[in-house]
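# What the coordinates show
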Amino acid sequence: MTKEILLFLHGGGVDDWMWSQQLPAFSDYECITPTLQGHGVRSDEQSFSIRQNALEIIAFIEQRCQNRIVHVIGFSVGAQIALEIIHLRPKMFQTAMINSALVIPQKRLYKWAPLLAKWTAPLMRSKTFNQLQAKQLGIPQALFPHYIETSLSINSNMLAALLQENLQFSLPPHLDETSTKVLVTVGGKERRIMKQSARLIVQANHTFQLIECLQIGHHFPLSHPQAFNQLLRTWIERHT
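Residues numbered from 1 in each chain as written. Predicted model: local features only at pLDDT ≥ 70, side-chain atom pairs only at ≥ 80, totals over all residues. Heavy atoms only, no water.

To continue, consider the overall build of the protein. Of regular secondary structure, the protein possesses 10 helices and six strands. When its C-alpha atoms are laid out on the principal axes, the protein stretches across 50 × 40 × 35 Å. Counting only carbon and sulfur atoms, one obtains 52% of the accessible surface of the protein, whose full area is about 11600 Å². Computed over 22 positive and 17 negative side-chain charges, the separation of the two mean positions in the protein equals 9 Å. (Helix = DSSP H or I, 4+ residues; strand = E, 2+ residues; numbered from the N terminus. Areas by Shrake-Rupley, 256 points an atom, 1.4 Å probe, with all protein chains shown as cover. Lys, Arg positive; Asp, Glu negative; His and termini not counted. Charge placed at Lys NZ, Arg CZ, Asp CG, Glu CD.)

Between helix α5 (residues 127-136) and helix α6 (residues 144-153), the least distance of the axes is 9 Å, while the angle of their chain directions is 120°. The angle between the axes of α5 and α6 places the two elements in the oblique class. Both α5 and α6 take part in a crossing whose hand is right-handed. Listed contacts from α6 to Lys127, Asn130, Gln131, Gln133, Ala134 and Lys135 of α5 are Phe144, Tyr147, Ile148, Ser151 and Leu152. Residue composition of the contact of α5 with α6, grouped by class: five nonpolar, four polar and two charged. (Axes fitted to C-alpha atoms, helices over the stretch in contact; angles between N-to-C directions. Parallel < 35°, antiparallel > 145°, perpendicular 65-115°, else oblique. Left-handed = near helix turned anticlockwise from the far one by under 90°. Contact = heavy atoms within 4.5 Å. Nonpolar A, V, L, I, M, F, W, Y, C, P; charged D, E, K, R; others polar.)

As structure tokens, then:
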């Protein structure tokens, strides 16, 4: 029997390694963890586009995963990309888990993104700074080396583009037309705008569901993998 596919889309500033606590728990599925533009093995790229990442993934699925059941799990900017794909291909995914997706454009911050990237880039060359950032992001200590390696590889141009794409992203239209069963999660300790974004997403389609994860910040799959994995499995099995 052909396995169903779990497509995991990582957040900005990390890579496919962020899903290392999920993959062993879902060995009964075929797990795909693409690297997004400008990250990891693609660190020589100078730009980042949510739409382009979405189109790349759509092309991959249409070429390699035809007639397969596909579920998508996106975190942060990966969740934004997942929403873009659901907008472009409303029947591509059986289910989706959208984690910590910002969908309210931040116009004031957007114009400062290039300068912020320029200021941040030198700090990202510091292992001490990256270790502090890793702790703040809820990254397990065992994954610190991966986070540091990824941070050191990101160039300022790509970082500026990533920040701008993240800050200007808005809720895609026509989500009420999708057949994808969508679960939206947000951390109880995340910023108010993240919680507002989560509510906006579920308002777009009456079948979408929202879970606010109390005592969790912007790092649910990294800091609480067992709870995350159980929630994901329950959601998928309920709609398969």
